[in-house]
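Given next are the chains, with one letter for each unit.
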Amino acid sequence: MSATKSIHPEEKFKADKMGSRLFKVGLALGGAFLILSIILGASKSDHWRRFLHAYVIGWGFVMSIAVGSLFFVLSHHVARAKWGIVLRRLAEFMSLTIPFLGIVGLGFLIPVLAGNQNLYFWTEPTLHNETHPLWHHMHHKATWLSPWFFAVRYVVYFALFSGLAIYFARKSFAMDEAKDEAEAFKIWDHLRVASGPAIVVFALTTVFFATDLFMTFSPTWYSTIYAVNWFAGAMLATYCTLALLGRTLQQYGKLQHSITVEHYHDIGKYMFGWTFFWIYTAFSQFMLQWYGNMPEETVFYNYRMFSEWKWISLAVLFGQWAFPYLCLVTRWTKRILPLLMFFAVWQLVFHWVDLYWNIMPNAEWTVVGGHQMGPLAGVPEKHQIGFHAVDVTLLLAMVGLFIAGLGRVMKGNLMPVKDPKLGEALAFENY
Amino acid sequence: MSTAHDNGAGDRPNGNGSDDQNEEMHGLLAEFETPGALVAAARKVKNAGYTEFDCYSPFPVHGIDPAMGIQRTKLPLVIFAGGLTGLFLGTLMQWWMNAYNWPWNVAGKPTWSIPANVPISYETTILLSVLTTFFGMWAANKLPQVWHPFFRLDRFAKVTDDGFFLGVEASDKRFELEQTKQLLVAAGATHVEECYVDARPEARNVPKWIWAAMTIMTMLALIPVALVFKARATKSPDPHYHVFSDMDYQPKAKSDQAFAEFADGRANRGELPGTVARGHLKADDAYYRGLANGEWITGLPAQLEVTPALVDRGQERYNIYCAPCHGYDGAGQGIIPARVAGIGGAWPARNLTDPKAGVIQMRNGQLFNTISNGFNSMMGYASQIPVEDRWAIVLYVRALQRSQNAAESELPAGHQVR
């Protein structure tokens with residue numbers, strides 16, 4: 001009943017050399033900045049503390065896009081969404097970088113395992129003494145927050161994420177090779193059914209992943225919505241990256257007839273939606289802790305509101321929410337592509353600032369009364385941002401590695417050409 | 001009542017196609033089989049130049065607006081204005097209630113603070129946006145419309161089920177009965193019907209009993225409002241209504257009250273053994289007790305350094321807490337010893353600056369301890385003076401001792417006695 005369209009006869013939907021081109025550019029960018037970052041990190045004699053924190057932030061930035069892309073794929077299958085089918089293959093490519101990013105993550109996991117106690121405060125050995133003031137906060141978490149168990153969970157998370165990403169991408173690739181429409185429909189229906197349980201696995205993995213990797217930087221602080229907030233930022237970054245990736249491919253002549261302004265309009269709607277969901281979760285966390293006024297919770301905001309970090313807090317509030325939210329509310333912003341691309345870049349930059357704001361304040365540890373009290377201790381007013389060049393060079397290195405990983409998996413068709421509902425996606429219009 | 005007819009108008013007594021003298025043609029109603037056919041037909045009718053026509057379907061049909069030539073709605077702008085109004089009114093309401101009309105201390109929070117107001121302002125923004133959407137849509141579609149001429153056609157009942165209809169009104173400039181009928185049939189209509197309506201104003205009046213019922217219901221609805229205004233304007237010795245009594249009578253223990261559930265019968269709980277409240281650890285011996293390895297320290301604790309600001313702070317605190325007994329110069333001749341002596345009593349205060357009185361010989365840590373915990377008849381000031389201020393006072397007492405025992409030759413140039 002719905003309108004359908006067939007693929008434009010002159011459409012270039014083969015990846016051809018795009019993959020190897022992206023791989024080379026990404027590898028050059030990533031390699032150069034990684035070497036520069038290592039030199040910068042080594043020259044700062046802080047036992048790699050700044051380097052490792054910046055490493056996790058940059059890595060978390062690209063990882064959030066890969067994880068968000070996996071959710072894009074799953075959510076479109078589970079909802080039988082049609083508009084995004086022209087973009088689904090791009091999201092599948094991005095989700096396939098997860099195994100590679102798991103290897104990149106060894107850059108901080110191995111130091112933690114090897115006994116570097118400057119990244120996660122819970123690796124501090126004196127915390128296990130009963131005389132340490134934080135002992136009663138930490139002793140019941142000692143097993144969970146031990147390097148070996150942390151590494152085991154890291155492997156489990158990546159096994160689950162990679163498994164889902166590879167399964168859904170492989171089945172989708174198999175659809176391209178289907179002999180007839182009946183076979184393609186069978187795969188399509190199978191993926192729809194499988195996506196339900198897969199989303200449950202994805203949700204649990206994401207929550208534990210975000211809590212373990214990013215929230216344990218302040219191991220005595222509690223927030224049950226933290227992982228949801230991380231997920232909201234990840235989804236925002238994913239839709240921004242999808243818009244930029246689609247536009248980039250179109251600049252090289254690919255998919256020019258398939259991805260239309262209607263699809264960008266929908267990406268824009270999601271950017272608007274996730275921008276709001278992000279502030280909704282971020283504010284929920286803030287307001288409940290502000291109102292509850294319990295010291296073990298407010299400590300997180302104490303150091304972000306009453307030190308130099310207050311400027312970053314305000315930048316995140318206005319940069320990632322107020323300004324783009326008001327601008328993205330209209331239809332024009334989403335349909336005038338240069339404007340949409342501006343906001344895609346803008347939101348990606350502020351997604352990184354958000355991660356920076358979440359993690360970097362934990363890089364400053366304080367000794368109080370002879371005890372190593374870790375992050376968020378001491379006098380807030382004396383807490384400094386202490387910006388260092390390695391913060392940015394590692395972000396660029398990770399973006400480069402992500403592009404390289406994306407180029408490596410970008411093969412075959414750039415959209416699921418035999419998807420039984422592709423025709424409806426191509427004819428999609430916003431009324 | 002007349003019914004609509006499929007055949008021509010030739011056999012009608014009044015010549016306009018209806019049995020009833022008072023009825024005139026309202027328009028033509030055409031039925032289509034599918035939403036797609038309806039969209040195609042709407043495009044055709046629009047292209048033929050018609051403007052006074054409408055489509056009727058059981059559900060919203062994608063693409064019908066451009067096919068009918070309907071402009072994009074301006075409703076989003078109105079909704080945006082509605083949302084901003086909700087944001088403003090919600091915030092104003094909270095300011096008026098919490099900060100202006102009835103400021104009430106809740107858990108020590110400021111009566112006017114943005115974080116606490118965000119959820120309510122957020123909800124009022126949504127409320128007014130939604131109401132604007134709902135009623136704006138009504139207004140734009142001329143709703144509520146309890147009756148429509150097409151209701152007279154039995155076939156039109158299918159519009160809530162599986163019928164897709166296009167109605168052309170006779171008021172359209174291009175309307176010609178036979179021509180329009182042909183156009184609709186050519187556009188794929190499976191069925192075309194004429195529709196007649198009594199156009200006289202008296203035939204359209206709302207029945208009197210409906211007016212009466214509405215008036216009575218409006219009056220009844222005003223009773224609760226009137227009761228509220230009466231309650232606000234008059235005084236009463238009766239207790240107020242507890243609509244939600246659990247707010248007034250809460251099953252909870254209040255501090256310093258009896259509470260049977262606990263073994264000791266008291267609501268207050270002590271500190272748990274082995275715990276320290278945040279900020280009360282005081283593990284730093286030098287800072288909190290003036291001790292290092294069991295000995296009084298001689299310098300200042302590591303957290304503090306000697307600055308003019310700290311000495312000034314010490315002077316200010318000394319003049320408030322210490323000078324009443326020890327005097328502004330530290331000689332022990334403050335206002336209290338002087339007054340007690342004036343009525344024949346004795347209130348000795350130690351001379352802080354006299355080398356023979358022994359205070360100069362005390363180490364800094366001991367001085368700090370004396371201020372904190374008292375000495376002989378002097379009480380401790382730990383509960384009144386914060387730690388850092390006590391160290392500032394120690395510093396100022398040292399400055400007093402130095403100045404009161406200085407030789408003339410030590411004074412800066414220009415200050416010596418000539």
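Reading the values: the criteria
Residues numbered from 1 in each chain as written. Chains lettered and ligands numbered in written order. Predicted model: local features only at pLDDT ≥ 70, side-chain atom pairs only at ≥ 80, totals over all residues. Helix = DSSP H or I, 4+ residues; strand = E, 2+ residues; numbered from the N terminus. Rg over C-alpha atoms; globule rule 2.2 N^0.38 Å. Buried ≥ 20, exposed ≤ 12 C-beta atoms within 10 Å, placed from the backbone. Contact = placed C-beta atoms within 7 Å. Domains from an automatic or database assignment. Pairing = 2+ DSSP bridges. Nonpolar A, V, L, I, M, F, W, Y, C, P; charged D, E, K, R; others polar. Axes fitted to C-alpha atoms, helices over the stretch in contact; angles between N-to-C directions. Parallel < 35°, antiparallel > 145°, perpendicular 65-115°, else oblique. Core = buried A, V, L, I, M, F, W, Y, C linked by C-beta atoms within 7 Å.

With that out of the way, let us pick up the overall build of chain A. A tally of helices and strands in chain A yields 16 helices and two strands. Its C-alpha atoms give chain A a radius of gyration of 22 Å, within 12% of the compact-globule value 22 Å for 431 residues. Dimensions of chain A along its principal axes, counting C-alpha atoms only, are 75 × 40 × 40 Å. Every one of the 431 residues in chain A was classed for burial, and the buried ones make up 46%. Expressed as a percentage of contacts within chain A between residues at least 6 apart in sequence, the contacts between residues at least 24 apart total 82%.

A count of helical and extended segments in chain B gives twelve helices and six strands. In terms of overall size, chain B is more extended than a compact globule, its C-alpha atoms giving a radius of gyration of 45 Å where 418 residues would be expected to give roughly 22 Å. Projected onto the principal axes, the alpha-carbon positions of chain B cover approximately 135 × 60 × 50 Å. Counting over 418 residues, chain B shows a buried share of 21%. Once local pairs closer than 6 in sequence are excluded, the contacts in chain B between residues at least 24 apart make up 66%.

Once that is clear, we can look at the domain arrangement of chain B. Taken domain by domain, chain B holds domain 1 (1-222) and domain 2 (285-406). Relative to domain 2 of chain B, the C-alpha centre of domain 1 of chain B lies at a distance of 85 Å.

Turning our eyes to something else, we now look at the pairing of strand E2 (residues 53-56) of chain B. Here is the key point about a regular strand: its side chains alternate between the two faces of the sheet. Residues and elements named next belong to chain B. Here E2 shows a clear split, with Phe53 and Cys55 buried on one side and none of Asp54 and Tyr56 buried on the other. As judged from the four bridges shared by E2 and strand E3 (residues 164-169), these two strands associate in the antiparallel manner. Within E3, the residue paired with Cys55 across the bridge is Leu166.

In this section: the interface of chain B and chain A. Of the residues lining the interface, twelve residues belong to chain B; the matching set on chain A comes to eleven residues. The element that contributes the greatest number of residues to the side of chain B that touches chain A is helix H4 (residues 114-140) of chain B, accounting for three residues. Partitioned by chemical class, the residues of the side of chain B that touches chain A number five nonpolar, four polar and three charged.

Moving on: the packing of helix H2 (residues 49-78) of chain A against helix H9 (residues 226-251) of chain A. All names here are of chain A. As a packed pair, H2 and H9 sit with axes 8 Å apart at the nearest point and diverge in direction by 85 degrees. Of the possible angle classes, the one that applies to H2 and H9 is roughly perpendicular. Contacts between H2 and H9 pair Ser64, Ile65, Val67, Gly68, Ser69, Phe71 and Phe72 from the former with Gly233, Ala234, Met235, Ala237, Thr238 and Thr241 from the latter.

What follows is about the environment of Arg331(A). Structurally, Arg331(A) can be placed in helix H13 (residues 331-335). A C-alpha to C-alpha distance of 37 Å links Arg331(A) and Pro99(A), two positions 232 residues apart in sequence.

What follows concerns the nonpolar core. Ranked by internal contacts, the top residues of the largest apolar core, which has 130 residues, are Val62(A), Ala66(A), Leu70(A), Leu236(A), Tyr239(A), Met271(A) and Met398(A). For this core, the leading source of residues is H2(A), giving 18 residues. The contact partners of Leu236(A), leaving out residues within four places of it in the chain, are Met271(A), Trp274(A), Thr275(A), Trp278(A), Gln347(A) and His351(A). With 27 residues, the next largest nonpolar core counts Leu38(B), Phe150(B), Phe165(B) and Val197(B) among its residues.

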